[in-house]
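Architecture and fold: a report
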Amino acid sequence: MVGKYDGEMGAVAQNIMDVTHTIFVHEGWFRSESGKAVDATIEVEPRQVVVEYHDHDADVGMMPWLTNPHGAEQVHRDSFFAPNITLVEYHWGEPSGMVFNSLISPVGPYESRVYTCVSYKFPIPKLIAKALMPAVNAYTWVVNNQDIKILSARRKGLENMPMTHSHSVRGDMAHIALEKILDALRHDQQLAPSFIGKRPMQFQI
Ligand SMILES: [Fe+2]
């Protein structure tokens, strides 16, 4: 997939790495509000952020009849590799998984072009998987377009109110870390040692 997003590199990477927005922006398509607490572990290195989620039994609403018919334990990991690569992985045991690998290319102050390689592995015969590809592609584009729309709304907001400052909550640890890494790279500096390391993270969705 190649898509144009109304957001700078960090904003697009945050969007891809973010779990909490899914219940608002992708409601019914990809996750729905459950009120449950989600535990995760975030590991920050000088040039990367890896978030490992521990919601192994979560139903993310990603066509479970197709992606995880055996109800296998879910492994979900989101990674950011500075300056512009993200990797979103869902694995349901050995036979099943979905991986989204994106490269974010800056186009303008509030514009990026995002190249995403979407890989699926379903526990079904290859021929059926092939026949399902257009539907899976359409689904991926619906979700993608919802992100494109929300980032356009954010851009309009920032252009109307350039002095706006964003505020973070505890669930934004990955976003803060990736912006700190990008900031250090922009200024040719090292990431402050206080950001480096492994920490628990929790939020409710
Ligand atoms: Fe999204």
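A brief report on the enclosed structure follows. Fair warning: this is a prediction, and the values are worked out from it, not measured in the lab. (Residues numbered from 1 in each chain as written. Predicted model: local features only at pLDDT ≥ 70, side-chain atom pairs only at ≥ 80, totals over all residues. Heavy atoms only, no water.)

1. Focus: the packing of aromatic side chains
What counts, and what does not: Geometry of aromatic contacts follows a simple scheme: Phe, Tyr and Trp rings, the Trp one being its six-membered ring, pair when their centres are within 6.5 Å, and the pair is stacked under 30 degrees between planes, edge-to-face over 60, tilted otherwise. Strands here mean DSSP runs of E at least two residues long; helices mean DSSP runs of H or I at least four residues long; both are numbered from the N terminus. Think of it in three bands: residues with accessible area under 20% of the maximum for their type are buried, residues over 50% are exposed, and the middle band is partly exposed, with areas taken using a 1.4 Å probe on protein chains only.
In this structure the tally under the stated criterion is five aromatic pairs. Considering the side-chain rings of Tyr53 and Phe203, the 6.3 Å spacing of their centres and the 75° angle between planes classify their relative orientation as edge-to-face. Of this pair, Tyr53 sits in strand β3 (residues 48-53) while Phe203 sits in strand β8 (residues 197-204), and the two are 150 residues apart along the sequence. Taken individually, Tyr53 and Phe203 each receive the classification buried, so the pair is uniform in this respect. Seen from their ring centres, Tyr120 and Phe122 are 5.4 Å apart, and the 45° between their planes marks the pair as tilted. Among the aromatic residues, those joined into a cluster by ring pairs are Phe100, Tyr120 and Phe122.

2. Looking at the coordination of the iron ion
Stated formally: Any nitrogen, oxygen or sulfur atom within 2.8 Å of a metal ion counts as a donor, with the limit raised to 3.2 Å for Na, K and Ca, and since water is left out, coordination shells can look unfinished. Here a site with four donors is tetrahedral if all angles are between 85 and 135 degrees, and a site with four or six donors is square planar or octahedral if opposite donors are over 155 degrees apart and the other angles are between 65 and 115; anything else gets the irregular label.
Listed as protein donors to the iron ion are His21 (NE2), His26 (NE2), Asp147 (OD) and Asp147 (OD); their distances from the metal cover 2.0 to 2.3 Å. Classification of the site at the iron ion as irregular follows from its four donor atoms and the range of 59 to 148° in their angles at the metal. Each donor residue of the iron ion belongs to the same chain, with the gaps between them written as H-x4-H-x120-D. Placement of His21 in the loop between α1 (9-17) and α2 (22-25) and of Asp147 in helix α4 (residues 126-160) is noted, with a sequence separation of 126 residues between them.

3. Digging into the environment of Gly171
Note the threshold: Every residue pair with non-hydrogen atoms within 4.5 Å of one another is taken to be in contact.
As for its position among the elements, Gly171 is in the loop between α4 and α5 (173-186). Between the C-alpha atom of Gly171 and that of Thr20, which follows or precedes it by 151 residues, the distance is 8.0 Å. Residue contacts for Gly171: discarding those within four places in its chain leaves Met201 and Phe203.

4. Notes on the sheet that holds strand β5 (residues 85-92)
Put simply, the rule is: Strands pair, by our definition, only if DSSP identifies at least two bridges between them. Axes, fitted as lines to C-alpha atoms, cover a helix only where it is in contact. Angles between the N-to-C directions of the axes lie from 0 to 180 degrees.
Here we have eight strands laid out as an open sheet, ordered β1-β7-β6-β5-β4-β3-β2-β8, and antiparallel in their pairing. Each edge of the sheet is formed by a strand with only one pairing partner; in this case those strands are β1 (2-5) and β8. Taken over all neighbouring pairs, the strand axes of this sheet differ in orientation by 20° on average, direction set aside. Relative to strand β6 (residues 96-108), β5 runs antiparallel, the two being bridged by eight bridges. Across the sheet, Leu87 pairs through a bridge with Asn101, a residue of β6. This element, α4, spans β1, β6 and β7 (111-121) of the sheet and lies at about 15° to β1. Along the sheet, α5 contacts β2 (37-45), β3, β4 (74-81) and β8; its crossing angle with β3, the most-contacted strand, is approximately 170°.

5. A word on the nonpolar core
Here is the rule we go by: Each nonpolar core is a collection of buried residues, namely Ala, Val, Leu, Ile, Met, Phe, Trp, Tyr and Cys, held together in the definition by side-chain atoms within 4.5 Å.
One finds Val49, Val51, Tyr53 and Phe80 to be the most contacted residues of the largest nonpolar core, which totals 29 residues. In terms of nonpolar packing, the next biggest core, distinct from the first, is built from 12 residues, Phe30, Phe100, Phe122 and Val136 among them.

6. So, the pattern of salt bridges
Side chains carrying opposite charge are able to pair once their charged atoms draw close together. Threshold: A pair is scored as a salt bridge if a Lys or Arg side-chain nitrogen falls within 4 Å of a carboxyl oxygen belonging to Asp or Glu.
Evaluated as defined, the whole model comprises 10 salt bridges. Ionic pairing is found between Arg155 and Asp6, a salt bridge with its closest N-O pair at 2.8 Å. Of this pair, Arg155 sits in helix α4 while Asp6 sits in the loop between β1 and α1; the two residues are 149 residues apart in sequence, bridging distant segments of the chain. The residue Glu89 makes a salt bridge to Arg77 at a minimum N-O spacing of 3.2 Å. Taken together, the positions of Glu89 in strand β5 and Arg77 in strand β4 put the pair 12 residues apart, joining distant regions of the chain.

Nothing here speaks to function; it is geometry throughout.
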